[in-house]
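Chains, contacts and geometry: an overview
Each chain is listed here by its residues.
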Amino acid sequence: MAADSEGMGVVIMGVSGAGKSTIGEMLAKAVNCSFLDADDFHPQSNKEKMHKGIPLSDEDRIPWLNLLQDALRASLVSRKTMILGCSALQKQYREILRSADPNYVPGSYFCVMKFVLLDAGAEVLAARLQKRAEEGNHFMPAKLLQSQIDLLQIDESEGIVKVDATISPLAIVDTIKALFFDIYSHR
């Protein structure tokens, strides 16, 4: 938990279609802090690859994650709280984001960066992605969903909080608030 004088970062993570942007925006409003959508930091080349159905490589992801780390660090150093919606599918990617905390000791998992996995079944996620595609609301096609599911690595030792992404968005936000923010309701 972040002390009163520190900022905190909460990464709302999961595969495409889990609800990261929706929940992240709602949570940021509920706790009166900033929200960053990691998708906004992708270079056009990454968006084009995904739009064509080509999974991103580590070479595509690492520079993107470094940009996110820089944005998080600026917030933490300013003693502000930031909500980030980001897939953060692998431990190595989360380590990059954890390293936004200037005091983080790599591999310790103890820092002011917290992670919440929005967890839902593949069929729910596929239906959400199909709906988004029909509405023209995203560059990530449903055919890349399985590659993201395959990439997802969760290590229990990391202390990642799992929340059922099929419950109402308000219930998800309330759950996250109770876990990380209610003790700091003055923020």
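Attention here is on the structure that accompanies the text. (Residues numbered from 1 in each chain as written. Predicted model: local features only at pLDDT ≥ 70, side-chain atom pairs only at ≥ 80, totals over all residues. Heavy atoms only, no water.)

**Remarks on the overall build of the protein**
Within the protein one finds 7 helices and 5 strands. Contacts in the protein between residues far apart in sequence, at least 24 positions, make up 76% of those at least 6 positions apart. As displayed, the protein has an accessible area near 9000 Å², and 52% of this comes from carbon and sulfur atoms. (Helix = DSSP H or I, 4+ residues; strand = E, 2+ residues; numbered from the N terminus. Contact = heavy atoms within 4.5 Å. Areas by Shrake-Rupley, 256 points an atom, 1.4 Å probe, with all protein chains shown as cover.)

**Looking at helix α3 (residues 58-77)**
With 20 residues, α3 extends 27 Å between its outermost C-alpha atoms, agreeing within 8% with the 28 Å of an ideal straight helix rising 1.5 Å per residue. Tucked into the core, α3 has its buried residues touching β1 (9-13), α2 (44-51), β3 (82-85), α4 (91-98), β4 (113-119) and α6 (145-151). Backbone geometry just after α3 places R79 at a positive phi near 65°. (Expected span 1.5 Å × (residues − 1).)

**Quick look at helix α7 (residues 169-180)**
Here α7 spans 17 Å end to end across 12 residues, near enough to the 16 Å set by a 1.5 Å rise per residue. Residues I172, V173, I176 and F180 constitute the buried set of α7. Viewed end-on, α7 has its buried residues packed into an arc of 95°, placing them on one side of the element. More than 90 degrees from the buried face of α7, the exposed residues found are L170 and A178. Where α7 is buried, its residues contact β1, α1 (20-31), β4 and β5 (161-164). (Buried < 20%, exposed > 50% of the residue type's maximum accessible area, 1.4 Å probe, protein only. Arc of directions from axis to C-beta.)

**Here's the deal with the side chain of R61**
Looking at the secondary structure, you find R61 in helix α3. For the buried R61, which has no salt bridge, the nearest side chain bearing the opposite charge is D58, at an N-O separation of 4.3 Å. Not counting the four nearest positions on each side in its chain, R61 is found in contact with L56, Y93 and L151. (Lys, Arg positive; Asp, Glu negative; His and termini not counted. Salt bridge = Lys/Arg side-chain N within 4 Å of Asp/Glu carboxyl O.)

**Digging into the packing of α1 against α7**
One can describe the packing of α1 onto α7 by two numbers: an axis separation of 10 Å at closest approach and a directional angle of 55°. Taken as axis vectors, α1 and α7 run oblique relative to one another. As for the relative orientation of α1 and α7, their crossing is right-handed in sense. Of the residues in α7, those touching α1 at I23, M26, L27, A30 and V31 are P169, L170, I172, V173, I176 and K177. The class makeup of the residues in the contact of α1 with α7 is 10 nonpolar, no polar and 1 charged. (Axes fitted to C-alpha atoms, helices over the stretch in contact; angles between N-to-C directions. Parallel < 35°, antiparallel > 145°, perpendicular 65-115°, else oblique. Left-handed = near helix turned anticlockwise from the far one by under 90°. Nonpolar A, V, L, I, M, F, W, Y, C, P; charged D, E, K, R; others polar.)

**Digging into the nonpolar core**
Membership of the largest hydrophobic core comes to 52 residues, with the highest contact counts inside it found for C86 and L97. Discounting chain neighbours no more than four positions away, the residues touching L97 are V11, L65, L68, Q69, L72, L84, C86, A88, M113 and F115. (Core = buried A, V, L, I, M, F, W, Y, C linked by side-chain atoms within 4.5 Å.)

**Regarding the sheet that holds β1**
Pairing within the open sheet is parallel, and its 5 strands lie in the order β2-β3-β1-β4-β5. Of all the strands in the sheet, the pair left with one neighbour each is β2 (34-37) and β5. This sheet shows a mean twist of 25° between the axes of neighbouring strands, independent of strand direction. As paired strands, β2 and β3 are joined by 4 bridges and run parallel to one another. Looking at the pairing, L36 lines up with L84 of β3. Lying over the sheet, α1 contacts β1, β2, β3 and β4, oriented at roughly 165° with respect to β2. Across the sheet, α3 lies against β1, β2, β3 and β4, angled at about 165° from β3, the strand it touches most. (Pairing = 2+ DSSP bridges.)

**A closer look at the pattern of salt bridges**
Counting across every chain of the model gives 6 salt bridges. Between E158 and R94 there is a salt bridge, and its shortest N-O distance comes to 2.7 Å. Of this pair, E158 sits in the loop between α6 and β5 while R94 sits in helix α4, and the two are 64 residues apart along the sequence. Taken individually, E158 and R94 each receive the classification buried, so the pair is uniform in this respect.

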